[in-house]
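Chain residues, written in single-letter form:
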Amino acid sequence: MIWEMLLYGLGSGGGVYIALLSKKWNGAKRWEDVSFLQGIGLIAWCIGSLLALSSVWWIQKLSLPISLLTYVFFLRSLHVFPLASHATYERWKMVLDTLTMIVTFLLLVIFHDLTNLENRHTPKMIYWQGGFYLLLPAISLLLIIRQLQGAARLKRGRLLLSTIMFIAVMMMTPMVPSYVMIWCVLITFGCLFYAHHRLGEQQTVQIAHTEYRYLFERQKLGKQDAIMVQLILLSTVAMLAAIPDIPFYGKVGLGAGILFGLVRVYLTSRENRHLMNETLVAASLLEQKYENQLEQIQLQNTQLSRVLGLKQNYEYLLLASNEQSLREVNYEKLQQVIEELVDTWFAKMDTLTFLQLSLESKSGEVYYRLERGTKDCTGSLHMVNQRMGVSEQRDTALIPRYVSLVAQISVADQGHAELEQSFFQVLLVNVRGLILRCLHEHQALELGVMETEMGLARRIQSMLIPKEEWIIKGLRARTVYAPITYVGGDYVDYIRIDDRYVCFIVADVSGHGLPASLLATGISSAARAVLQTSWSPDEILERLNQLLYENLSKTRSFITMMVTVYDSYEHKLLLSRAGHPQPLYLSKSKQSVLDCSGGVGLGLLPDSSYPLEEVLLKEEAILLIYTDGLVNTGRKDAFRCLQQWLVELSALLDETESTNDEVIDRVESHVWGMTRREKQLDDMSVLILQFQSAPPI
């Protein structure tokens, strides 16, 4: 008996330790914390077991209500066990199970005392039937725990198995010798202490992402629960039929359990039917939603195909222009070469219905005119009129003053019309270059033509880079963009998704110059198409990789990209990284390179995935998302260069009596100053995000 008393005293201390592990001890939610409930239940079991060792009958009877608390607390802990979001028991089940246990205990004790006046010991049926009531939810949870992944599954599975072991030990109490019972209890205590110590934060794991999935999983849980209740009922009825010498008080307790079990089965079946109806309604809504999304995706794919087709035509026309620029041309072949160039333009631009190219004098005299297609006089098409000067000193049939162009295009989107107008300027530039080559030496003229083309390409690309500051509540954004040549392979953009989310994109195409700029141009349209249906950065990167992989693999190129989505409701950032440099985070309390994992660059693997990171904005801070041109200054130690940037930018934040405007202005000025001071070896783009402190909850 001394060893048993020491054991139960040790168990009481262990229960206090487990209860103190709860992080909700002082809150109203402590009744939903597993550690608190099982700690109190363990204390009640040890106290009740100590009282049951007494030889005084009324002290033994006093142990019964205390032992009942053990079953109530452990039953409550199983009902609030932190598993998946759908694996929670309804309140009525908890109330009914608790009421069933209390009524059954009372009936067992009352009828035991009435039929055994001289035998005052505790009824053995309490241990067996109470254990069955606890095993019901425990086994149901054991069937659900396999849905978890990683550490959550290990920690919760360990705690659940330890709980089932303790329930089994309580059921064996009247059947096992005391010395065996001591060892069993010691092992069970050790498992419980270790499981609670390693449990950590008791958060419910979110598995069901949609309403349909949530209802479906709850329906599965309801069916499992109904099956377990039916098994308990069948085993109870079988026990009554197979064991004729069960005491009268035991038959009363089993009968009460059967009655409550039938009520529970009926209520569970009725709720399962209700869940089935809700699941069918949710499935119908989900199907309709997917049909609508499919229609939107098809429309977006059509628009994206048009954009990609326009991009491919642009690439082809530039290549054709370059080929014409490299040809040997003279005055005898000039008109033939111009005609071939116009034919190429007219054939490749699908939206072009009429094209007229003229070589004109200053007074408007036409030296040469070339027409393709039929002009529509109704005015239903978009008209383009452009003129470009050839030479200010000469005005002859061989060297005209102007090259003029009149075109009609059939496009409904104003943005595409403006982009195609820039394409016509490229045509004028090429015709002008062909004329000038007949006057100047080939090498000098080639340089002039290429510089003009690259200037136009830079103009087109600069249309895609936001130049104005973005200001919303809690956030400001600015860009610093400096290509190493006329055009670059960097891309910076910020796009409002809806009232809650704003998407920021920083990308770097491998290589330099015009090929990289062509790929960077296509990112804008692709990103906007993807943002129609996706707002999470990891999904955006996966969709972009799927859309761009084929073109990137053909050109043996790849794109590094950082996608950041600002959640204005919760004042936090969601980030995903595809081979891009890690951003710089600077605040009064922290200045570091933000540690966020990522996947490989776009175009390297067809089915790459990109981890999602979350950054809570609890204080005023600045986040710099940049391309590798910021640190690629010829130094071998890039990490040291980043640390130097951190030190210099941190010094700007440490200056007191500065407004938010002054801070972001100083950061932007410092980036520009350091970029111009160092030797630039790569395209450089920087997105500066300034955040206010988290708003009060």
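A short tour of the structure in this document, coming up. What you see is a predicted model, and the numbers here were worked out from it, not measured in a lab. (Residues numbered from 1 in each chain as written. Predicted model: local features only at pLDDT ≥ 70, side-chain atom pairs only at ≥ 80, totals over all residues. Heavy atoms only, no water.)

## Notes on the overall build of the protein
Within the protein, the regular secondary structure consists of 16 helices and 15 strands. When the 697 residues of the protein are sorted by exposure, 50% land in the buried category. When the accessible area of the protein is evaluated, it comes to approximately 33,900 Å², of which 58% is carbon and sulfur surface. (Helix = DSSP H or I, 4+ residues; strand = E, 2+ residues; numbered from the N terminus. Buried < 20%, exposed > 50% of the residue type's maximum accessible area, 1.4 Å probe, protein only. Areas by Shrake-Rupley, 256 points an atom, 1.4 Å probe, with all protein chains shown as cover.)

## Here's the deal with the side chain of Asp 493
Mapping Asp 493 onto the fold places it in strand β7 (residues 490-496). Asp 493 sits in the buried class, given a relative accessible area of 5%. A distance of 2.6 Å separates polar atoms of two side chains, one belonging to Asp 493 and the other to Tyr 491. At 2.7 Å, the side chain of Asp 493 and the side chain of Arg 528 are in polar contact. (Polar contact = N/O pair within 3.5 Å; in protein donor to acceptor, adjacent residues only side chain to side chain.)

## Regarding the sheet that holds β7
Strand order in the open sheet formed by five strands is β7-β8-β9-β10-β13, with antiparallel pairing between adjacent strands. Taken across any chain shown, the strands that pair with only one partner, and hence form the sheet edges, are β7 and β13 (613-616). With direction set aside, neighbouring strand axes in the sheet form an average angle of 15 degrees. By the bridge criterion, seven bridges tie strand β9 (residues 559-567) to strand β10 (residues 572-578) in an arrangement that is antiparallel. Bridge pairing in β10 places Val 565 opposite Leu 574. Docked against the sheet, helix α14 (residues 537-554) engages β8 (501-509), β9 and β10, running at close to 155 degrees with respect to β9. (Pairing = 2+ DSSP bridges. Axes fitted to C-alpha atoms, helices over the stretch in contact; angles between N-to-C directions. Contact = heavy atoms within 4.5 Å.)

## Brief notes about the sheet that holds strand β3 (residues 382-389)
Reading across the sheet, the four strands line up as β2-β1-β4-β3 and stay open at both edges, with antiparallel pairing between neighbours. Edge strands, defined here as strands with exactly one partner in the open sheet, are β2 (366-373) and β3. Each strand of the sheet is rotated relative to its neighbour by a mean of 10 degrees, with strand direction disregarded.

## Side note on the pairing of β2
Here seven bridges tie strand β1 (residues 352-360) to β2, and the two strands are oriented antiparallel to one another. Looking at the pairing, Glu 360 lines up with Val 366 of β2.

## Quick notes on the environment of Glu 468
Among the secondary structure elements, Glu 468 is positioned in the loop between α12 (442-462) and β5 (470-472). Each C-alpha atom, one on Glu 468 and one on Thr 479, is 8.1 Å from the other, the two residues being eleven residues apart in sequence.

## Details of a nonpolar patch on the surface
Together, Phe 558, Val 600, Leu 604 and Leu 605 make up an exposed nonpolar region whose accessible area comes to about 310 Å². Structurally, Leu 604 can be placed in the loop between β12 (591-593) and β13. Take Leu 604: its relative accessible area is 44%, and that puts it in the partly exposed class. (Patch = residues over 30% accessible without salt bridge, like charges linked within 9 Å, V, L, I, M, F, W, Y side chains within 5 Å. Salt bridge = Lys/Arg side-chain N within 4 Å of Asp/Glu carboxyl O.)

## Description of the environment of Val 384
Along the chain, Val 384 turns up in strand β3. Along the backbone, Val 384 and Leu 355 are 29 residues apart, and their C-alpha atoms lie at a distance of 9.4 Å.

## Considerations on the pattern of salt bridges
One pass over the structure, following the stated rule, counts 13 salt bridges. Of the charged contacts, one joins Asp 343 and Arg 372 as a salt bridge, the two residues approaching to 2.5 Å between their closest N and O atoms. Taken together, the residues span a long stretch of sequence, with Asp 343 in helix α10 (residues 331-348) and Arg 372 in strand β2 at a distance of 29 residues. Ionic pairing is found between Glu 360 and Arg 387, a salt bridge with its closest N-O pair at 3.1 Å. Residue Glu 360 is found in strand β1, and its partner Arg 387 is found in strand β3; the two are separated by 27 residues along the sequence. Salt bridges linked by common partners bring Glu 469, Arg 476, Arg 478, Asp 665 and Glu 668 together as one network.

## Section: the nonpolar core
Formed by 41 residues in total, the largest nonpolar core has its most connected members in Trp 45, Met 101, Leu 134, Phe 166, Ile 167 and Phe 189. Residue assignment for this core shows that the elements contributing at least two residues are α1 (2-20), α2 (34-52), α3 (57-79), α4 (91-115), α5 (125-144), α6 (150-172) and α7 (178-197). At eight residues, the largest contribution of residues to this core is made by α6. Leaving out residues up to four positions away in the same chain, Met 101 has contacts with Leu 68, Tyr 71, Val 72, Leu 75, Gly 130, Tyr 133 and Leu 134. Membership of the second largest hydrophobic core comes to 33 residues, among which are Leu 359, Phe 423, Val 431 and Leu 434. (Core = buried A, V, L, I, M, F, W, Y, C linked by side-chain atoms within 4.5 Å.)

## Regarding the pairing of β10
Counted residue by residue, β10 has seven buried out of seven residues, so it is predominantly covered. Covered by surrounding structure in β10 are Lys 572, Leu 574, Ser 576 and Ala 578 together with Leu 573, Leu 575 and Arg 577, the residues of both alternating faces. Two successive antiparallel strands, β9 and β10, enclose a turn made up of four residues, where His 571 displays a positive phi of approximately 50 degrees. Pairing between β10 and β13: four bridges, direction antiparallel. Opposite Leu 573, over in β13, you have Val 615 as the bridge partner.

## Considering α14
Taking 1.5 Å per residue, 18 residues should reach 26 Å; α14 reaches 26 Å between its end C-alpha atoms and fits that length. Inspection of α14 places Pro 537, Asp 538, Ile 540, Leu 541, Leu 544, Asn 545, Leu 548, Asn 551 and Leu 552 among the buried residues, and these make up the whole buried set. One or two steps after α14, the chain reaches Arg 556, where phi turns positive at roughly 55 degrees. (Expected span 1.5 Å × (residues − 1).)

## Describing the packing of aromatic side chains
Evaluated as defined, the whole model comprises six aromatic pairs. Centre to centre, the rings of Phe 189 and Phe 193 are 5.9 Å apart; their planes meet at 25 degrees, and the pair counts as stacked. In this pair, Phe 189 and Phe 193 are both assigned in helix α7, four residues apart and thus about one turn of the helix distant. A single burial state applies to Phe 189 and to Phe 193, both of which are buried. Ring centres of Tyr 501 and Trp 535 lie 4.4 Å apart, and the angle between their planes is 15 degrees; on these two criteria the pair is classed as stacked. A residue pair is termed long-range when its members are at least 10 positions apart, and Tyr 501 in strand β8 and Trp 535 in the loop between α13 (513-530) and α14 qualify at 34 residues. Given a relative accessible area of 38%, Trp 535 falls into the partly exposed group. Taken together, Trp 470, Tyr 494 and Phe 504 form an aromatic cluster joined through their ring pairs. Arg 387 extends its terminal NZ or CZ atom over the ring of Tyr 402, reaching a point 4.5 Å from the ring centre. (Phe/Tyr/Trp six-rings, centres within 6.5 Å; stacked < 30°, edge-to-face > 60°. Lys NZ or Arg CZ within 6 Å of the ring centre and 35° of its normal.)

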